[in-house]
Amino acid sequence: ELIRVAASGTPVAVTPDGPRGPRHSFAGGALLVSHRSRAPIILVSASASSAWRLRSWDRFLIPKPFARITVAYAAPEVVDAASARDAAAQAPRFREALLSLGSSIGA
């Protein structure tokens, strides 16, 4: 269903580490959706100048009142691969790109 929605041009947001983690992992699901729908992936990272961090597995960030929020976006990229397996195999590259994007803004 997600592939059909993405292929229709409807914007879709996915957290690549999923609901259970581990933190900073990049599962292949979003890459498969991009590969099959030809919808671009836009990596996004955010940080806050002042925030609370939950003690959850993902260290969820809650900005404090009046905090300055910084959001960084990468260029859109469609996952181009010969097969779904090859698309999913690109997860380490996307993980590194997302971590690099986050470190550029202090996330």
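Residues numbered from 1 in each chain as written. Predicted model: local features only at pLDDT ≥ 70, side-chain atom pairs only at ≥ 80, totals over all residues. Heavy atoms only, no water.

What follows covers the pairing of strand β1 (residues 44–48). Residues Ser-45 and Ser-47 of β1 are buried on one face, while the alternating residues Val-44, Ala-46 and Ala-48, pointing to the opposite face, are not. Here five bridges tie β1 to strand β4 (residues 69–73), and the two strands are oriented antiparallel to one another. Within the sheet, the bridge partner assigned to Ala-46 lies in β4 and is Val-71. (Buried < 20%, exposed > 50% of the residue type's maximum accessible area, 1.4 Å probe, protein only. Helix = DSSP H or I, 4+ residues; strand = E, 2+ residues; numbered from the N terminus. Pairing = 2+ DSSP bridges.)

With that out of the way, let us pick up the pattern of salt bridges. Using the criterion set out here, one finds three salt bridges in the structure. Residue Glu-1 pairs with Arg-4 through a salt bridge whose shortest N-O separation is 2.3 Å. Across this residue pair, the class does not change: Glu-1 and Arg-4 are exposed. With a closest N to O distance of 2.9 Å, Arg-93 and Glu-77 form a salt bridge. One end of the pair, Arg-93, is in helix α4 (residues 91–104); the other, Glu-77, is in the loop between β4 and α3 (84–88), with 16 residues separating them in the sequence. Overall, Glu-77 belongs to the partly exposed group, its relative accessible area being 31%. (Salt bridge = Lys/Arg side-chain N within 4 Å of Asp/Glu carboxyl O.)

Another aspect to go through is the environment of Pro-63. Structurally, the position occupied by Pro-63 is in strand β3 (residues 61–63). Between the C-alpha atoms of Pro-63 and Ser-47, which are 16 residues apart in sequence, the distance is 8.5 Å. Once you skip the residues sitting within four places of it in the chain, Pro-63 turns out to touch Ala-48, Ser-50, Ala-51, Trp-52 and Ile-69. (Contact = heavy atoms within 4.5 Å.)

A few words now on helix α2 (residues 29–37). Where α2 is concerned, the buried positions are Ala-30, Leu-31, Val-33, Ser-34, His-35 and Ser-37. Close packing links the buried residues of α2 with α1 (2–7), α3 and α4. Taken from the residues just after α2, Arg-38 is the one with a positive phi, measuring 65°.

With respect to the helices and strands, the residue Ser-47 is situated in strand β1. Under the relative-accessibility criterion, Ser-47 is labelled buried at 8%. Non-local contacts of Ser-47, meaning those with residues more than four positions away in its chain, are made with Arg-68, Ile-69, Thr-70, Ile-105, Gly-106 and Ala-107.

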